[in-house]
Amino acid sequence: MSYFINEESIKTEKPEKKRENEVDIKYFHCALCGLHEKFEYFGVDPPFVKKYKLLEDTYLVEDPFLPPKQGEMLQLGAHCTKCKKCVCKDPSCSFYYEGTYCIICAKENMKMFPDVVKDKLNKIMIN
Ligand SMILES: [Zn+2]
Ligand SMILES: [Zn+2]
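Reading guide: rules and limits
- Residues numbered from 1 in each chain as written.
- Chains lettered and ligands numbered in written order.
- Predicted model: local features only at pLDDT ≥ 70, side-chain atom pairs only at ≥ 80, totals over all residues.
- Heavy atoms only, no water.
- Helix = DSSP H or I, 4+ residues; strand = E, 2+ residues; numbered from the N terminus.
- Buried < 20%, exposed > 50% of the residue type's maximum accessible area, 1.4 Å probe, protein only.
- Contact = heavy atoms within 4.5 Å.
- Areas by Shrake-Rupley, 256 points an atom, 1.4 Å probe, with all protein chains shown as cover.
- Core = buried A, V, L, I, M, F, W, Y, C linked by side-chain atoms within 4.5 Å.
- Donors = N, O, S within 2.8 Å, 3.2 Å for Na, K, Ca; no water.
- Tetrahedral: all angles 85-135°; square planar, octahedral: opposite > 155°, others 65-115°.
- pLDDT = per-residue confidence, 0-100.
- Polar contact = N/O pair within 3.5 Å; in protein donor to acceptor, adjacent residues only side chain to side chain.

1. Structural notes on the overall build of the protein
Then, number 1: A tally of regular secondary structure across the protein gives three helices and eight strands.
Then, number 2: N-terminal to C-terminal, the α/β element order of the protein is α-β-β-β-β-β-β-β-β-α-α.
Then, number 3: When each of the 127 residues of the protein is scored for burial, the buried share is 31%.
Then, number 4: Sequence-distant contacts in the protein: of pairs separated by 6 or more residues, those separated by 24 or more amount to 23%.
Then, number 5: Taken as a whole, the protein presents about 9600 Å² of accessible surface, with 56% of it coming from carbon and sulfur.

Take a look at the structure:
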């Protein structure tokens, strides 16, 4: 008897109530500019993005300017390949060349980059 009652109460109570309270809020924090923003996904293969695959572990958030559930995501940032610091996609924080570099590592490792890339880097000023 009690067996049947238990099973029913599990089915009716759990699913809906959990959603609201259990939203796991995680924050992305840029080590350089201090940008502090909620993110929804960290990794290379977000389940909701079907159009493309990411090349590296990236912090993503759903694009706030588009209707939800369209698979359009904004890239918040990633980890620097060299120092592993978390940096945002702002051009004065990170630089992308075969991976994300924080702007400090990018400047320190200028010699590794081809000339075109060096030129670009030279135009970026560190605050
Ligand atoms: Zn930043
Ligand atoms: Zn770095």
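The structure having been displayed, the exposition proceeds.
2. Observations regarding the nonpolar core
Generally speaking, nonpolar side chains in soluble globular proteins are found buried as a group.
Then, number 1: One finds Phe-28, Phe-95 and Leu-121 to be the most contacted residues of the largest nonpolar core, which totals 22 residues.
Then, number 2: Only β4 (58-62), β6 (86-88), β8 (100-102), α2 (103-108) and α3 (115-123) provide two or more residues apiece to this core.
Then, number 3: Beyond its immediate sequence surroundings of up to four residues, Phe-28 is in contact with Leu-35, His-36, Glu-37, Phe-39, Tyr-59, Leu-76, Gly-77, Ala-78, Cys-86, Val-87 and Cys-88.

3. Thoughts on the coordination of the zinc ion (ligand 1)
Then, number 1: Taken together, the protein donors to the zinc ion (ligand 1) comprise Cys-30 (SG), Cys-33 (SG), Cys-88 (SG) and Cys-93 (SG), at separations of 2.3 Å.
Then, number 2: Between the four donor atoms coordinating the zinc ion (ligand 1), the angles at the centre fall across 105 to 116°, so the site counts as tetrahedral.
Then, number 3: In primary sequence terms, the donor set of the zinc ion (ligand 1) follows C-x2-C-x54-C-x4-C. The burial state of Cys-88 is the same as that of Cys-93; both residues are buried.

4. Some details on the confidence of the model for the protein
Regions with low pLDDT carry predicted coordinates that are not meant to be interpreted in detail.
Then, number 1: For the protein, the mean per-residue pLDDT works out to 82, and 78% of the residues sit at or above 70.
Then, number 2: By mean pLDDT, helix α1 (residues 2-21) is the weakest element of the protein at 50, and β6 is the strongest at 98.
Then, number 3: Note that residues 14-19 has pLDDT below 50 and, in this model, one contact with residues that lie over four places away or in other chains.

5. Some details on the side chain of Thr-58
Then, number 1: You can see Thr-58 is positioned in strand β4.
Then, number 2: Reaching out from Thr-58, the side chain makes a polar contact with the backbone oxygen of Glu-56 at a distance of 2.8 Å.
Then, number 3: What Thr-58 contacts, discounting residues up to four positions off in sequence, is Tyr-41, Phe-42, Gly-43, Gln-75, Gly-77 and Ala-78.

6. Here we look at the environment of Cys-86
Then, number 1: As for its position among the elements, Cys-86 is in strand β6.
Then, number 2: Remark: the alpha-carbon pair of Cys-86 and Tyr-59, spanning 27 residues in sequence, is separated by 9.5 Å.
Then, number 3: Excluding residues within four positions of it along the chain, Cys-86 makes contact with Phe-28, His-29, Cys-30, Ala-31, Tyr-59, Ala-78 and His-79.

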